[in-house]
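Chain by chain, the residues:
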Amino acid sequence: MKFFADTAEIDDIKELAATGLLDGVTTNPSLIAKSGRNFMEVTKEICGLTSGPVSAEVVALDHETMLKEAEVLRKIADNVCIKVPLTIDGLKTCKALTGEGTMVNVTLCFSANQALLAAKAGATFVSPFVGRHDDNGVNGMELIRDIRTIYDNYLFDTEILVASVRHATHVLESALIGADVMTAPPKVIMALANHVLTDKGIEGFLADWAKTGQSIL
Ligand code: E4P
């Protein structure tokens, strides 16, 4: 399963990239606003930090303007992936862009039928939002299971990009279901390395090592 960083914070992306665990980045208008940076500038900088896809989202609601915005965004770098909302205009834009070889991430997916439409529109990625479903008392991971079944039934190439990931259990379940990608805040990805028994084990080994009076270097 690929790991994308869901952020527009340069320092956090650099830190994750240095671990070798970063496969791409997703941004959205809220994350860009939170960064306080210019959209084009920060997106270009992010594209230089990974060779993987960097999702940059259109803000227009109609197909024609979405295409114009996509034209501007894809000039930023070769690894820009155009993010469009899961609406009829977004799907039309997805079909047109992927038809000419541009990567497209269809975002704000909240039902399996929406994911079916994204795959039929040739999406490179579909982004089902699990955390926002959970917030509303619906088990978001059930949606991932359903999409996996549908995509496997028809051998769709569209990758399931689990979005709105909030914690380690979302990551674990995504991997067990066989999602292709998950995107999460870097702190959630880094925290996956933590285990109390790992810390306790290191502590015990180092205490015993100290008793030997030896050093490796
Ligand atoms: C996905 O691409 C979105 O940027 C993101 O995962 C949304 O997550 P949120 O629900 O935590 O805002």
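What counts, and at which threshold
- Counting starts from 1 at the beginning of each chain's written sequence and moves along it residue by residue.
- With pLDDT at 70 or above as the cut-off, local features in this predicted model cover only qualifying residues; side-chain atom pairs require 80 or more to be listed or tallied, and sums for whole chains, interfaces and linings still use all residues.
- Here the side-chain values reflect all heavy atoms present in the structure, with hydrogen atoms and water set aside.
- We define the nonpolar core as a collection of buried residues of types Ala, Val, Leu, Ile, Met, Phe, Trp, Tyr and Cys that are connected through side-chain atoms lying within 4.5 Å of one another.
- When a residue's accessible area, from a 1.4 Å probe over protein chains only, is under 20% of the maximum for its type it is buried; when over 50% it is exposed; and in between it is partly exposed.
- For the purposes of this entry, the term helix denotes a DSSP run of H or I that reaches at least four residues, the term strand denotes a run of E that reaches at least two, and both are numbered from the N terminus.
- Contact between two residues is taken to exist if any of their heavy atoms lie within 4.5 Å; hydrogens are not considered.
- Only Phe, Tyr and Trp rings are paired, with Trp represented by its six-membered ring, and only when their centres lie within 6.5 Å; those with planes under 30 degrees apart are stacked, over 60 edge-to-face, the remainder tilted.
- It is the directions from the helix axis to the C-beta atoms whose arc is reported.
- Note: two strands are recorded as paired if DSSP finds a minimum of 2 bridges between them.
- Axis lines are fitted to C-alpha atoms, over the contacting stretch for helices. Their N-to-C directions set the angle, which ranges from 0 to 180 degrees.
- UniProt positions are given in the numbering used here, feature names are shortened, and annotations may be inferred rather than shown by experiment.
- We call two N or O atoms a polar contact when they sit within 3.5 Å, provided that within protein one can donate a hydrogen and the other can accept it, with sequence-adjacent residues counted only if both atoms are side-chain atoms.
- Near is defined per residue: the residue qualifies when any heavy atom it owns lies within 4 Å of the molecule or strand.
- Computed with the Shrake-Rupley method and a 1.4 Å probe, the accessible areas treat only the protein chains shown as cover for residues.
- One less than the residue count of a helix, multiplied by 1.5 Å, gives the span that helix is expected to have.
- When describing relative orientation, an angle under 35 degrees is termed roughly parallel and one over 145 degrees roughly antiparallel, while 65 to 115 degrees is termed roughly perpendicular and anything else oblique.
- Note on convention: the crossing is left-handed when the near helix lies turned anticlockwise from the far helix by less than a right angle, right-handed when the turn is clockwise.
- The nonpolar class holds Ala, Val, Leu, Ile, Met, Phe, Trp, Tyr, Cys and Pro. Asp, Glu, Lys and Arg form the charged class, and all remaining residues, Gly among them, are polar.
- The way it works is a 1 Å grid over only the protein atoms, where trapped points that fit a 1.4 Å probe form a cavity and open points with protein on both sides within 12 Å along at least five of seven lines form a pocket, and then any residue with an atom within 4 Å of a point lines it.
- Grid points are joined across faces, edges and corners, and a volume is the space filled by probe spheres set on the points.

By the naming in an unreviewed UniProt entry, the chain is Probable transaldolase, taken from Allopontixanthobacter sediminis.

Peer 1: How do you make sense of the nonpolar core when you look at a structure like this?
Peer 2: Looking at soluble globular proteins, one finds that nonpolar side chains tend to be buried together. Within the largest apolar cluster, 56 residues are counted, with the highest numbers of intra-cluster contacts made by Val106 and Tyr151. It is helix H8 (residues 140-154) that provides the largest number of residues to this core, a total of six residues. Sequence-distant contacts of Val106, defined by excluding residues within four places in its chain, comprise Val84, Pro85, Leu86, Leu91, Cys94, Ala118, Ala123, Phe125, Val126 and Ser127. Residues Phe4, Cys81, Phe125 and Val181 belong to the second largest nonpolar core, which totals five residues.

Peer 1: Quick question: what am I supposed to make of the packing of aromatic side chains here?
Peer 2: Applying the stated criterion across every chain, the model contains four aromatic pairs. Taken together, a centroid distance of 5.7 Å and an interplanar angle of 75° make the contact between Phe4 and Phe125 edge-to-face. Residue Phe4 is found in strand S1 (residues 2-6), and its partner Phe125 is found in strand S6 (residues 125-128); the two are separated by 121 residues along the sequence. Here Phe4 matches Phe125 in class, with each residue buried. What links up through ring pairs into an aromatic cluster is the set Tyr151, Tyr154 and Phe156.

Peer 1: Would you take a moment to explain helix H1 (residues 10-17) for this structure?
Peer 2: Because the α-helix completes a turn every 3.6 residues, residues three or four places apart line up on one side. For H1, the complete set of buried residues consists of Ile10, Ile13 and Leu16. Axial view of H1: buried residues confined to an arc of 130°, hence all on one face. Buried residues belonging to H1 abut S1, strand S2 (24-26), helix H3 (39-47) and helix H10 (186-191).

Peer 1: Explain the sheet that holds strand S5 (residues 104-109) here, please?
Peer 2: In sheet architecture, strand pairing relies on hydrogen bonds along the backbone and comes in two forms, parallel and antiparallel. The eight strands lie next to each other as S1-S2-S3-S4-S5-S6-S7-S8, forming a closed barrel whose pairing is parallel. Within the sheet, the average angular offset between the axes of one strand and its neighbour, ignoring direction, is 30°. Relative to S2, S1 runs parallel, the two being bridged by three bridges. Opposite Ala5, over in S2, you have Val25 as the bridge partner. Sitting on the sheet, helix H4 (residues 63-74) is in contact with strand S3 (54-57) and strand S4 (80-85), with an inclination near 160° to S4.

Peer 1: Explain the UniProt feature "active site" (unreviewed entry) in the chain to me, please; I cannot follow it from the model alone.
Peer 2: As annotated in UniProt, the feature "active site" (unreviewed entry) corresponds to Lys83 in the numbering used here. Inspection of the secondary structure assignment puts Lys83 in strand S4. With near-sequence residues (within four places) excluded, Lys83 lies in contact with Thr26, Thr27, Asn28, Ser55, Ala56, Glu57, Val58, Asn105 and Thr107. At a separation of 2.8 Å, a polar atom in the side chain of Lys83 contacts the main-chain carbonyl oxygen of Thr27.

Peer 1: How should the site of the ligand be read in this particular structure?
Peer 2: Every residue near the ligand is listed here: Asp6, Thr26, Asn28, Lys83, Phe129, Arg132, Ala163, Ser164 and Arg166. Asn28 is positioned such that a nitrogen or oxygen atom in its side chain is 2.7 Å from an oxygen atom of the ligand. Arg166 is positioned with one of its side-chain polar atoms (N or O) 3.0 Å from an oxygen atom of the ligand. When the free accessible area of the ligand is taken as 350 Å², the share hidden by the protein chains comes to 85%.

Peer 1: Explain H4 here, please?
Peer 2: For H4, built from twelve residues, the straight-helix expectation of 16 Å at 1.5 Å per residue is met to within 8% by its first-to-last C-alpha distance of 16 Å. Buried residues in H4 make contact with H3, S3, S4 and helix H5 (88-99).

Peer 1: Honestly, the packing of H8 against helix H9 (residues 168-177) in this entry has me stumped. Any pointers?
Peer 2: Packed helix pairs are characterised by how far apart their axes lie and by the angle those axes make with each other. Relative orientation of the contacting elements H8 and H9 amounts to 15°, with a least axis distance of 10 Å. Accordingly, the angle class assigned to the pair H8 and H9 is roughly parallel. Here H8 and H9 pass one another in a crossing that is right-handed. In this structure, H8 contributes Met141, Ile144, Arg145 and Arg148 to the contact, and H9 contributes His170, Glu173, Ser174 and Ile177. When its residues are assigned to classes, the contact of H8 with H9 shows three nonpolar, two polar and three charged.

Peer 1: Looking at this structure, I do not really get the layout of surface pockets. What am I missing?
Peer 2: Any space left empty among the atoms is revealed by the rolling of a water-sized probe across them. Taken as a whole, the largest pocket spans an internal volume of roughly 410 Å³. As for the largest pocket, its lining consists of 26 residues, of which Asp6, Thr7, Asn28, Leu31 and Pro185 are closest to the centre. Sorting the residues of the lining of the largest pocket by element identifies helix H2 (29-35), S5 and H10 as the ones contributing at least two each. In terms of residue class, the lining of the largest pocket is built from nine nonpolar, nine polar and eight charged.

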